[in-house]
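# Per-entry structural report
Next come the chains, spelled out residue by residue.
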Amino acid sequence: MNDPNGASQDPPKVLAATLIADAPPEQIGNFVGPYKLLQRIGEGGFGVVYMAEQEKPVRRVVALKIIKPGMDTGEVIARFESERQALALMDHHNIAKVLDAGATASGHPYFVMELVKGVPITEYCDKNYLPPEARLKLFVDICHAIQHAHHKGIIHRDIKPSNVMVTLHDEVPVVKVIDFGVAKATVQKLTERTLFTAYGQMVGTPAYMSPEQAEMSGLDIDTRSDVYSLGVLLYELLTGTTPLEANRLRDAAYSEIQRLIQEEEPPRPSTRLSSLGDTATVLAGNRGLDVKRLVQLLSGDLDWVVMKALEKNRGRRYATPGSFAEDIERYLRDEAILARPPSRAYRLKKFAQRNRTTVLTVAVVAVALVAGTAVSVWQAFRATRAETWALVAAEAEKKAKEDALAREAETKAVLGFVETRIIAAARPERESEGLGRKVTLRKAIESALPYVDKSFPNQPLIEARLWLTLGLSFLALGDARTAAEQAVAARALYARHRGPDHPDTLASMNNLTASYDALGRYAEALKLYEETLALRKVKLGPDHPDTLVSMNNLANSYDDLGRRAEALKLREETLALRKAKLGPDHPDTLVSMNNLANSYYALGRGAEALKLREETLALRKVKLGPDHPDTLASMNNLANSYDDLSRRAEALKLREETLALRKAKLGPDHPDTLSTRRRLAYAYAVLGRYADAVKLGEEALALSKAKLGPDHPTTLSAANSVATAYANLGRYADALKLHEENLALKIAKLGPNHPGTLDALYNIACCNALMIPKSADRNKQAELAMECLKKALAAGYKDLAQMKTDTDLNSLRSREDFKKLLAELEGAKESEKTKP
């Protein structure tokens, strides 16, 4: 039977115009490939969109886009292909799916996509008189769709109402983002020429275009450009107008359009609505409110949320569409939002930037008035400059002193808390918070928890630091549930007082995700790891040590979810960056070496895994010491490699040594200790020491259920090991019961196609096969085993070598259906080898 020894993951961290014909040669009623053109339904800068019908192999109505005649230059075809590739990358229920692609008889490229039968989101909302709250909920779905595109490396670059359609599914409105026609992969190089179409128009729509997109240079456009466009869309959903009125942009020259987009600050949504006069009455009515109530609703939080997305300086916008959506969701839950008003200094700076000439003139006149003569003007200028620099220096010195005093105050406050609430716990019971001389450090920390939020009512950053530190301590102690609570508290305080992308906020997000990971909440961990990595890349840079921690953790998350190839690629990239940035023997570099070896092991590259694990263990013993938790993780993983190569005695010795060290270092019920217990029990079973295997396995299973819960990955692995030991002792009914419980838990926890779920299904098949000789109805028992094997293979089980050599399946080998199953699996393997 399979025992996926799962390796220990290291813990977290204006161009010539072209003459264009009015219509393409393809006519209504003609076929394009297998698609019959029904009607022309739209037209963009480069393509014409038709409704078309496909009859074979499935009957469906689709949207078919064909490149325009006269537009099939190399550059245009490349862009059209970019659109097709962009759509093909994405798989999200709020993004229209790409279905097919090809070329017409006349040689023009086309692609086929899901036909969205809907209307633009602004039209849908107005026709149905949706209140602001309902509009915000639809908008959150749009943000999540664009976030998905960003995770695939795609920037939309033309978000506007006509590209966000609303369709009804069972009378429930569903948004669909369409037309990635000007989308570009973020890794592709852009030039100034890409900002204009053959019509001599900007790529994108000016009313929704970000300042950096209008700069005439696409060299530095990133995902925050879409955040700006989303801000414009939300502005329109709430007020019925765009920040820059369409009529002003329609009549302006390109240079003026650029100036307006880049420099003119839009009014807040509530201010714009108040200035619309009678029009505002209609707009408010479309939102089910009167003007006064709508203005009141927009004033405050919604104004700040929208204006943060519309910041000209992209560094002050929301870092991702996901964080934009989160702030809206906070508003909908009546929670504090993260969008903060800009400071007075920032507003003054912006005023000076927008009014350079006026500010300079006022300054010169002021100096002239004081002086009265040319010489005195010059002297006054020099004196003013000197005074300015003196003021700047004095302000800097004052700020440095304030920072030093703040740090000193923070240090004193934290030390005071540690002394009175933690160290004092060792005093005799009932004496000044004492808990007795035998109190453990863990109990002392736990006793201090209720006082953290009460001790620093006016010092939220100190409270946040304590939550962050305590959370890390509980995570290291194996108490991920308590650690998650502390990380949530730290993140909320840092986000509120430092901002959503401050390094301290990101550190608390990383720690929260590590807690989710330790709890086996892999889907939640993956989402938060991706968000943290995106924010750190923008805020800290692609090779900052904290960014590399997030890359490492995201790779672990991919591995936890069975996405082995993605994990391998990211781990190789992280290791290369860490070696270059930190050095070959830095602890973080050794973390990456360990985890890359885990990927090799999981993908069947045993020799590479063994070599890298031996190298990592040797370096860790020297760098960290023989009983450091990371060293013990390397010992555990090397034992897995020894087992894989049938070096059983070496594996057993190493596992027994690791268990003894982990018990002493981490405690008997720490998750890592439990994992080692389970693996040692499996090793006993492999060596025929079945009674030892059952005893140790049952201990590990009971401790794991109590500590981590019945569906935690470590508990599931422990149950698998005990079931294997039962089977080896001939207790097939007990083994089958455990395997069936495991399968149900894994399907619910991991999904039906996860490798761990497939292993559980395979193990049930083995159990049924072992029971055949003693069964009253051998044929029925064999049919049960074959049914499980077929289900496993249909769901993606591919271990041909295991099926060929596993003695548990010997009772099935004479059956023709078993031979056929092996042949099909072998054929599939050969087919994979021949794929380009």
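Description of the structure in this document. (Residues numbered from 1 in each chain as written. Predicted model: local features only at pLDDT ≥ 70, side-chain atom pairs only at ≥ 80, totals over all residues. Heavy atoms only, no water.)

Once that is clear, we can look at the overall build of the chain. Of the regular secondary structure elements, the chain holds 34 helices and 11 strands. A total of 836 residues make up the chain; the buried ones form 49% of that total. Roughly 39,600 Å² of accessible area belongs to the chain as shown, and the carbon and sulfur atoms make up 55% of that amount. (Helix = DSSP H or I, 4+ residues; strand = E, 2+ residues; numbered from the N terminus. Buried < 20%, exposed > 50% of the residue type's maximum accessible area, 1.4 Å probe, protein only. Areas by Shrake-Rupley, 256 points an atom, 1.4 Å probe, with all protein chains shown as cover.)

Counting residues in each nonpolar core, the largest one holds 60 residues, and the members touching the most others are I121, F139, I142 and F324. If you look at the next biggest cluster of nonpolar residues, it comprises 51 residues, including A683, A693, I764 and L821. (Core = buried A, V, L, I, M, F, W, Y, C linked by side-chain atoms within 4.5 Å.)

With that out of the way, let us pick up the environment of T724. On the secondary structure map, T724 appears in helix α29 (residues 713-728). Since its relative accessible area comes to 8%, T724 is described here as buried. Considering only alpha carbons, one finds T724 and V694, 30 residues apart in sequence, at a separation of 8.9 Å.

Under the 1.5 Å per step criterion, the end-to-end length of helix α11 (residues 321-332) is 17 Å for 12 residues, consistent within 8% with the ideal 16 Å. Of all the 12 residues making up α11, 10 are buried; the element is thus mostly covered by neighbouring parts of the structure. Burial in α11 covers these residues: P321, G322, S323, F324, A325, E326, D327, I328, R330 and Y331. Just beyond α11, the residue with positive phi is D334, at close to 60°. (Expected span 1.5 Å × (residues − 1).)

Tallying each qualifying case throughout the model produces 39 salt bridges. Between D559 and R564 there is a salt bridge whose closest N-O contact spans 3.1 Å. Judged by relative accessible area, which is 8%, D559 ranks as buried. In this structure, E826 engages K804 in a salt bridge whose closest nitrogen and oxygen atoms are separated by 3.1 Å. A residue pair is termed long-range when its members are at least 10 positions apart, and E826 in helix α34 (residues 816-834) and K804 in helix α33 (residues 800-805) qualify at 22 residues. Given a relative accessible area of 33%, E826 falls into the partly exposed group. Shared partners join several salt bridges into a network, and the residues in it are E326, D327, R330 and R491. (Salt bridge = Lys/Arg side-chain N within 4 Å of Asp/Glu carboxyl O.)

This part covers the sheet that holds strand β1 (residues 31-32). Read from one edge to the other, the open sheet built from six strands follows the order β1-β2-β3-β4-β6-β5, with strand pairing classed as antiparallel. Where the open sheet ends on each side, the last strands, each with one partner, are β1 and β5 (98-103). Two elements, strand β3 (residues 47-54) and strand β4 (residues 60-67), share eight bridges in a ladder whose sense is antiparallel. Following the sheet pairing, Q54 is matched in β4 by R60. (Pairing = 2+ DSSP bridges.)

Another aspect to go through is the packing of α29 against helix α30 (residues 732-750). It is the contact of α29 with α30, at a shortest axis distance of 8 Å, that shows an interaxial angle of 160°. Judged by the inter-axis angle, α29 sits roughly antiparallel to α30. By crossing handedness, the relation of α29 to α30 is classed as left-handed. Between α29, through L716, A719, N720, V722, A723, T724, Y726 and A727, and α30, the contact on the second element is made entirely by Y732, D734, A735, L738, H739, N742, L745 and K746. (Axes fitted to C-alpha atoms, helices over the stretch in contact; angles between N-to-C directions. Parallel < 35°, antiparallel > 145°, perpendicular 65-115°, else oblique. Left-handed = near helix turned anticlockwise from the far one by under 90°. Contact = heavy atoms within 4.5 Å.)

Relative placement of two packed helices is described by the angle separating their axes and the distance separating the axes. Following both chains from N to C, one finds helix α31 (residues 755-770) and helix α32 (residues 778-795) inclined at 165°, their axes separated by 8 Å at the closest point. Considering their axes alone, α31 and α32 lie roughly antiparallel with respect to each other. As for the relative orientation of α31 and α32, their crossing is left-handed in sense. In contact with L758, L761, Y762, I764, A765, N768 and A769 of α31, α32 contributes Q781, L784, A785, C788, L789, K791, A792 and A795.

The pairing of strands in a sheet happens through backbone hydrogen bonds and is either parallel or antiparallel. Across the sheet, which stays open at both edges, the three strands sit in the order β7-β9-β10 with antiparallel pairing between neighbours. With partners counted over all chains shown, the strands left at the sheet margins are β7 (119-120) and β10 (172-177), one partner each. The pairing of β7 with strand β9 (residues 164-169) spans two bridges and is classified as antiparallel. Opposite P120, over in β9, you have M165 as the bridge partner. Where helix α3 (residues 132-151) meets the sheet, its contacts fall on β9 and β10, and the angle it forms with β10 comes to roughly 35°.

Applying the stated rule across the entire model yields four aromatic pairs. Arranged with centres 6.5 Å apart and planes meeting at 75°, the rings of Y35 and Y110 form a pair that is edge-to-face. One end of the pair, Y35, is in strand β2 (residues 35-43); the other, Y110, is in strand β6 (residues 109-114), and 75 residues separate them in sequence. Y110 shares its class with Y35; the two are buried. Here a set of aromatic residues connected by ring pairs shows up, and it is made of F139, Y318 and F324. Residue placement shows K308 over the ring face of Y318; its charged tip is 5.5 Å from the ring centre. A cation over an aromatic ring shows up here: R613 above the ring of Y601, its NZ or CZ 4.5 Å from the ring centre. (Phe/Tyr/Trp six-rings, centres within 6.5 Å; stacked < 30°, edge-to-face > 60°. Lys NZ or Arg CZ within 6 Å of the ring centre and 35° of its normal.)

Judged from the five bridges that link them, β5 and β6 form a sheet pairing that is antiparallel. Across the sheet, residue A101 finds its bridge partner in β6, namely F111.

The subject of this paragraph is helix α10 (residues 301-309). Of all nine residues in α10, seven are buried, a share of seventy percent or more. As for α10, its buried residues are in contact with α3, α4 (224-239), α7 (269-274), α9 (291-298) and α11.

Right, let's talk about unusual backbone geometry for a bit. Note: most residues except glycine have negative phi, and most peptide bonds are trans. A cis amide bond, omega -5°, links K56 with the succeeding residue P57. The residue P57 is located in the loop between β3 and β4 in this model. Even without a glycine there, the phi angle at R157 is positive, about 75°. Its location among the elements puts R157 in the loop between β8 (154-155) and β9. Of the residues examined, R157 reaches a relative accessible area of 2% and is grouped as buried. Despite not being glycine, E171 shows a phi value in the positive range, around 70°.

Moving on: the environment of Y235. If you trace the backbone, Y235 turns up in helix α4. In sequence terms Y235 and S270 are 35 residues apart; their C-alpha atoms lie 9.9 Å from each other. Beyond its immediate stretch of four places on either side in the chain, Y235 contacts G240, T241, T242, P243, P267, R268, P269, R272, V306 and L310.

On their own, these measurements won't tell you what the molecule is for.
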